[in-house]
Structures are given as C-alpha cells and as structure tokens.
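Here is how the chains run, residue by residue.
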Amino acid sequence: MESIDKVEGTFGKKGSDVDKSAVSVAVIKRLPRYHRYLGDLLREGKGRISSAELSRIMGVTASQIRQDFNCFGGFGQQGYGYNVKYLHSKIGELLGMKEGYRAVIVGAGNLGRAFTMTHMFERRGVTIVALFDKSPELIGKTINGFRVYDVAELGDFVRENSIHIGVLTVPKESAEECASVMVGAGVRGLWNFANMELTLGDKSVVVQNVHMGDSLMTLCYGMKTGADKGIFDDEI
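Overview of the structure. Since the model is a prediction, treat every value here as computed from it, not as a measurement.

## Focus on the packing of helix α2 (residues 51–58) against helix α3 (residues 62–70)
(1) Moving on: Between α2 and α3, whose axes approach to 8 Å, the crossing angle comes to 110°. Relative to α3, α2 is oriented roughly perpendicular. Taking contact as the criterion, the partners of Ser51, Ala52, Leu54 and Ser55 in α2 are, on α3, Ala62, Ile65, Arg66 and Phe69.
(2) Moving on: When grouped by side-chain class, the residues that make up the contact of α2 with α3 number five nonpolar, two polar and one charged.

What follows is the structure, encoded as structure tokens:
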C-alpha cells in the first residue's frame, strides 16, 4: 500500500484556517459518522476507498461526500480515491480528538456512573478526570476508578486542573448553576443531559443539549404511524 505521505491529497486547512461560517451544521454532524465508518474499514484492513464505494456503505451520495470533504480542503486524489488511514486520522483531527481535552462529570447518579464505565470518551480523545456530586453519601468515594468530589469544589478544581469539558448529569434544577460555575472557571464546552435547554450568555462556550427521551418519542411516533424510516434518521 502506498505511504500516507504520497496520497495525502489536498488536505491542508488547519482548524484555525477553516472558515467555520462556511461549514454547515449538516456537514459537521456527518463528520463523526465518516470517522466511525472509516474506523470500521481500517479494522477490516481496507487501505483505500473511492467516494462511490463509501457512498454505498454509508447511504450518502458520492457527490455529497466530495462536497463535505472539500469544505476542509479535500482529502483524496483523482483516480486514486481516499487513503482510509489518512482520512480517518484527518477527520479525527478536525473533530478535536488530538486536542487532549479533559472532562469532569457533574452528577454521580446512574447516568454519570454509566459514563465512567464506557470507553466512549477515551476513544474520542477525551479524558475523564473526576466526578462531582452534592450527596454526602457519595463525596469522597471512588466510583469505577474516579474520585467523587464535593460540587462546592467544582470551580476551583476546573481552574486548577485545566478542565475543558463539563458533562452535566444533574437534575435540571441544578444545571444552570453548575454550568455557570464551570464556565466561569474556564470550561469551553458543556454536554448537557439535564433534560432542559441550557443557554449561556457566553457565546464562546459550546453547548450540546442532549434529550434522550425526545429520541425515544420520535422512535415511538415512527412505529405508531408506520412512517418511512429515513424520515427519522438523524445521521444526516
């Protein structure tokens, strides 16, 4: 197989060089999906792939794939296609997997604990550093290898440990306050599972509000009405 250096194509826009306003939300949402499928191809020993072949696997048109990649400078060479390893690596780079992001989980209940048991974070380049809770029964304990700290220490801990991401698994009544503390201490991104829409005045902080119940209800609606599956596929 050719070396990555020989087939790296035209990818040349670093994160700071990409015109973020020109990249649509739909394209951004497709990037993790590209990365996931390419990871599968790597594990299968696939060395190179054409846009047509990737189109058949993913159910996205070849034209759409090329347009998406061109938003970031392109990744392939005409007549060759895409080097799977290189493309997987570069999309991971675009997605921030090499930035060394560090995260804390606020809320050591069932969902917070479940997150400490999965490899989802580390496989995406995010390191969980600690858990936080307000329950005296939990503070000071170690859960799946992570110490549970008093939520009253949250701001100081974030500042002193260079935390980038806050994962909120607290009741919605506590979410705003916890979010404000973390943002004030320097957190740049919030992954919110508190069953409410978290909005911040600081537009430099990225917020992802996740409502798992909404997804379940959408599924149930589709089953009840017999609607076409594609309507509810959120992997655009």
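## As for the nonpolar core
(1) Moving on: Within the largest apolar cluster, 23 residues are counted, with the highest numbers of intra-cluster contacts made by Val104, Val106, Leu154, Leu168, Met182 and Leu190.
(2) Moving on: Elements with a contribution of two residues or more to this core: β3 (101–106), β4 (126–133), α7 (154–160) and α8 (172–184).
(3) Moving on: At five residues, α8 tops the list of elements feeding residues into this core.
(4) Moving on: Grouped together as the second largest cluster of nonpolar side chains are 19 residues, Val27, Met58, Ile65 and Ile91 included.

## Here we look at the pairing of strand β8 (residues 189–192)
(1) Moving on: For strand β7 (residues 165–168) and β8, the ladder comprises four bridges, and the chain directions are parallel. Note on β8: the bridge partner recorded for Val167 is Trp191.
(2) Moving on: In this view, the connection linking β7 to its parallel neighbour β8 by way of α8 has right-handed handedness.
(3) Moving on: Both β8 and strand β9 (residues 206–209) contribute to a ladder of four bridges, which runs parallel. Its bridge partner being in β9, Trp191 is matched across the sheet by Gln208.

## Quick word on the side chain of Thr169
(1) Moving on: When you line up the elements, Thr169 lands in the loop between β7 and α8.
(2) Moving on: Here Gly107 takes part through its backbone oxygen, which lies 2.7 Å from a polar atom of the side chain of Thr169.
(3) Moving on: In contact with Thr169, other than residues within four places in its own chain, are Ile105, Val106, Gly107, Leu111, Gly112, Phe115 and Phe193.

## Looking at a nonpolar patch on the surface
(1) Moving on: There is a patch of nonpolar side chains on the surface, built from Leu216, Leu219 and Met223 and spanning about 340 Å² of accessible area.
(2) Moving on: Tracing the backbone shows Leu219 in helix α9 (residues 212–225).

Analysis parameters
- Residues numbered from 1 in each chain as written.
- Predicted model: local features only at pLDDT ≥ 70, side-chain atom pairs only at ≥ 80, totals over all residues.
- Heavy atoms only, no water.
- Axes fitted to C-alpha atoms, helices over the stretch in contact; angles between N-to-C directions.
- Helix = DSSP H or I, 4+ residues; strand = E, 2+ residues; numbered from the N terminus.
- Parallel < 35°, antiparallel > 145°, perpendicular 65-115°, else oblique.
- Contact = heavy atoms within 4.5 Å.
- Nonpolar A, V, L, I, M, F, W, Y, C, P; charged D, E, K, R; others polar.
- Core = buried A, V, L, I, M, F, W, Y, C linked by side-chain atoms within 4.5 Å.
- Buried < 20%, exposed > 50% of the residue type's maximum accessible area, 1.4 Å probe, protein only.
- Pairing = 2+ DSSP bridges.
- Right-handed = clockwise from strand over helix to strand, strands pointing away.
- Polar contact = N/O pair within 3.5 Å; in protein donor to acceptor, adjacent residues only side chain to side chain.
- Patch = residues over 30% accessible without salt bridge, like charges linked within 9 Å, V, L, I, M, F, W, Y side chains within 5 Å.
- Areas by Shrake-Rupley, 256 points an atom, 1.4 Å probe, with all protein chains shown as cover.
- Salt bridge = Lys/Arg side-chain N within 4 Å of Asp/Glu carboxyl O.

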